[in-house]
Amino acid sequence: MVLASNLQIWKDNPYTWGIIEVQGDLESRNGGALQSQFVGDLHYVMQSNGVPTLIVGHHILYGKAIPLEKPFAVMEKKKTDITTEYIIKALVDKKLVFKIRPKPIIAAVPGC
Amino acid sequence: MNIEMVDNKTFNRSYERTIKDVCQVIHHAKLEEKDLRPLTQVLYFAEEFPDYKILELDKEVFKCLKESGKLVFRGQKTDKAVLCTNNKTFDIKEAETSNSMLLVPNLKFAEDVPVELGDRDIEEKEIVGVYHEYFELKQIRPRLLPLRNFLKMKPYKGIELEEEDQSGEGYFSTEKLLEVVQASEEELVDALRDVQAFSVNDKWRILDNDYHFRVLSQFLGLVESNSWPLDQVPIGESLSELSALFPDYVLHHIFQIYLEPSGDYTDTGDELFRLVDYKVCRFLGSYLLRPVEKFNLNDFLRTWQDSVPEGMITSLEQLGGLAVLTPDSRPPAIWLLDEEDLPEDFQERFTILFSAKESWTYDEIQPYIKRLATEKQSVNSILTKYSRTSNVNGVRYHSARHGK
């Protein structure tokens, strides 16, 4: 197995990916595949602390930005007949964590 | 807890969220638009989730990646892969989290979003995967045991016995070795020095034992016949005297093992070197022991002392990690047990040691353990874990934990 780098990609712009961490699982209401679906709106409050605010379906979640002490590398597996290579697509050094229980939105959202 | 998304019948692939939708939801959620920064990131799942893996980078690894930009996974198909920087080796372990980690390229954090009031803007962001696991790294000692076995496949036996075609099995370039051992480049270079490998036509080789003995004996014979003091060996003259018998690269290799600079020169400018007693005695001792299963200790000590150049003094300490002796047996015996041939696995290694000999003093066993020690685990803590300590007349002995 060989080499895991493609530096140019992240050397120019290394920290542009992020992770949003939520408790439990995200599910589509009808149990279908997640791919292509709309998830929600992400806001930051105006105040200087910029609390991240995520509205998903009928829920509103307040979170927190957390720097990762040990950053994550996102690697893409490239397999040829001879070698397996991992390309580093991006580095992630911050995440948004939503661990407070979501608050329900009382009013009906159009389309439901 | 699970968060349910709004029915996807409404929000399928063709759904395009508009600024109006976003504002409406802000209103429904009883939030004030003026309290939210004017850029909203609208999150979708990507149409496809690429096969990404997430690796948590150890600080060392991160630093290496930034500096050299190189990380390498090593291991043959049957090995568990390790990750190497230029000088360290890491074990890769899967870690799980009950949370969902949504990976979002180009996600903007609060500091990337303007604070001033203005017309609301939206940016679409794709979640390219939902992760519950990632890989963690833990620094380990390089797995180097196969190295000697690889190099033993084609030991160097002299130029007349060299195969013409060295492209096949048993011949290893640095690149080829890096494919088959699990170590970083620096660790490999150190290990090659430890096993006394040298390079012939860009392939790493070790000397065949008998050939090694022949070259060393010729060299020691030359020193003796010229009555050179053991700490005043002229390297240029040695090389020219012996080059009719052995290729220069072999002589350089032998000199590198057995000589160290004395700092002096002859009148004609030839550099003077000192023969390293420890290395010479150790090799000649092991050479005597190798063909014999067990040696009578007293016979061995006499033969060994006779085999080294006059002026050198043999001592059993020179055979640490190489020979085991039982001075109390009848007759006292000594035999070869080379640390470098022992397994890397701690338990397996201790099993072999304690079946070779029931109890060991610290000084005897330490050379067999020291290569297993790390910054975090000293020889003493390894001994505490894998052996039973007893005290006989004030001397500490180590024996098997579950002794018979």
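In the block above lies the structure referred to throughout.
The present account deals with the structure reproduced in this document. (Residues numbered from 1 in each chain as written. Chains lettered and ligands numbered in written order. Predicted model: local features only at pLDDT ≥ 70, side-chain atom pairs only at ≥ 80, totals over all residues. Heavy atoms only, no water.)

A short note on the overall build of chain B
Consideration 1: Helices and strands together make up the secondary structure of chain B, namely 13 helices and 19 strands.
Consideration 2: Over its C-alpha atoms chain B spans a radius of gyration of 32 Å, topping by over 25% the 22 Å that the globule rule assigns to 404 residues.
Consideration 3: Projected onto its principal axes, the C-alpha coordinates of chain B cover approximately 100 × 60 × 40 Å.
Consideration 4: When the 404 residues of chain B are sorted by exposure, 46% land in the buried category.
Consideration 5: Here the analysis covers contacts within chain B between residues at least 6 apart in sequence; of these, 64% occur between residues at least 24 apart.
Consideration 6: Separation between the mean location of the 49 positive side-chain charges and that of the 72 negative ones in chain B comes to 6 Å. (Helix = DSSP H or I, 4+ residues; strand = E, 2+ residues; numbered from the N terminus. Rg over C-alpha atoms; globule rule 2.2 N^0.38 Å. Buried < 20%, exposed > 50% of the residue type's maximum accessible area, 1.4 Å probe, protein only. Contact = heavy atoms within 4.5 Å. Lys, Arg positive; Asp, Glu negative; His and termini not counted. Charge placed at Lys NZ, Arg CZ, Asp CG, Glu CD.)

Details of the pairing of strand β13 (residues 271-275) of chain B
Residue and element names in this part refer to chain B.
Consideration 1: Of the pairings in the sheet, the one linking strand β11 (residues 233-234) to β13 comprises two bridges and is antiparallel in character. Across the sheet, Val233 pairs through a bridge with Phe273, a residue of β13.
Consideration 2: Where strand β12 (residues 259-265) and β13 come together, four bridges link them in antiparallel fashion. Looking at β13, one finds that Leu259 is bridged to Leu275. (Pairing = 2+ DSSP bridges.)

Details of the interface of chain A and chain B
Accessible area lost when the parts come together is the quantity often used to give the size of an interface.
Consideration 1: Taken together, the contacts link 77 residues of chain A with 81 residues of chain B.
Consideration 2: Between chain A and chain B, the buried area comes to about 7,500 Å², and carbon and sulfur atoms account for 64% of it.
Consideration 3: Contact with chain B buries area across many residues of chain A, yet A:Phe38, A:Tyr44 and A:Met46 alone supply 11% of it, more than any other trio.
Consideration 4: Taken together, the links from chain A to chain B amount to three salt bridges.
Consideration 5: For the salt bridge of A:Glu69 with B:Lys59, the shortest nitrogen-to-oxygen distance reads 3.7 Å. (Buried area = accessible area lost by both parts, 1.4 Å probe. Salt bridge = Lys/Arg side-chain N within 4 Å of Asp/Glu carboxyl O.)

Concerning the sheet that holds strand β19 (residues 395-400) of chain B
Residue and element names in this part refer to chain B.
Consideration 1: Taken together, the three strands give an open sheet; going across it, the order is β17-β19-β18, and neighbouring strands pair in antiparallel fashion. Edge positions in the open sheet fall to β17 (360-361) and β18 (387-392), since each of these has one partner strand only.
Consideration 2: Sitting on the sheet, helix α13 (residues 379-386) touches β18 and β19, and the angle it makes with β18 is about 95 degrees. (Axes fitted to C-alpha atoms, helices over the stretch in contact; angles between N-to-C directions.)

So, unusual backbone geometry
Residues and elements named next belong to chain B.
Consideration 1: Cis geometry is adopted by the peptide bond preceding Pro331, which originates at Arg330 and carries an omega value of -10 degrees.
Consideration 2: Along the chain, Pro331 falls in the loop between β15 (323-326) and β16 (333-336).
Consideration 3: Even without being glycine, Asn106 reaches a positive phi, approximately 60 degrees.
Consideration 4: A residue is classified by how much of its surface remains accessible, and Asn106, at 43% relative accessible area, is partly exposed.
Consideration 5: Backbone geometry at Ser227 places phi at a positive 50 degrees, although glycine is not the residue there.

A look at the packing of helix α7 (residues 235-242) of chain B against helix α8 (residues 248-258) of chain B
All names here are of chain B.
Consideration 1: One way to put it is that α7 packs onto α8 with a least axis distance of 10 Å and a crossing angle of 140 degrees. With respect to α8, the element α7 is oriented oblique. As for how α7 packs across α8, the hand of that crossing is right-handed. Of the residues in α8, those in contact with Ile235, Ser238, Leu239 and Leu242 of α7 are Asp248, Leu251, His252 and Phe255.
Consideration 2: Residue classes in the contact of α7 with α8 are distributed as five nonpolar, two polar and one charged. (Parallel < 35°, antiparallel > 145°, perpendicular 65-115°, else oblique. Left-handed = near helix turned anticlockwise from the far one by under 90°. Nonpolar A, V, L, I, M, F, W, Y, C, P; charged D, E, K, R; others polar.)

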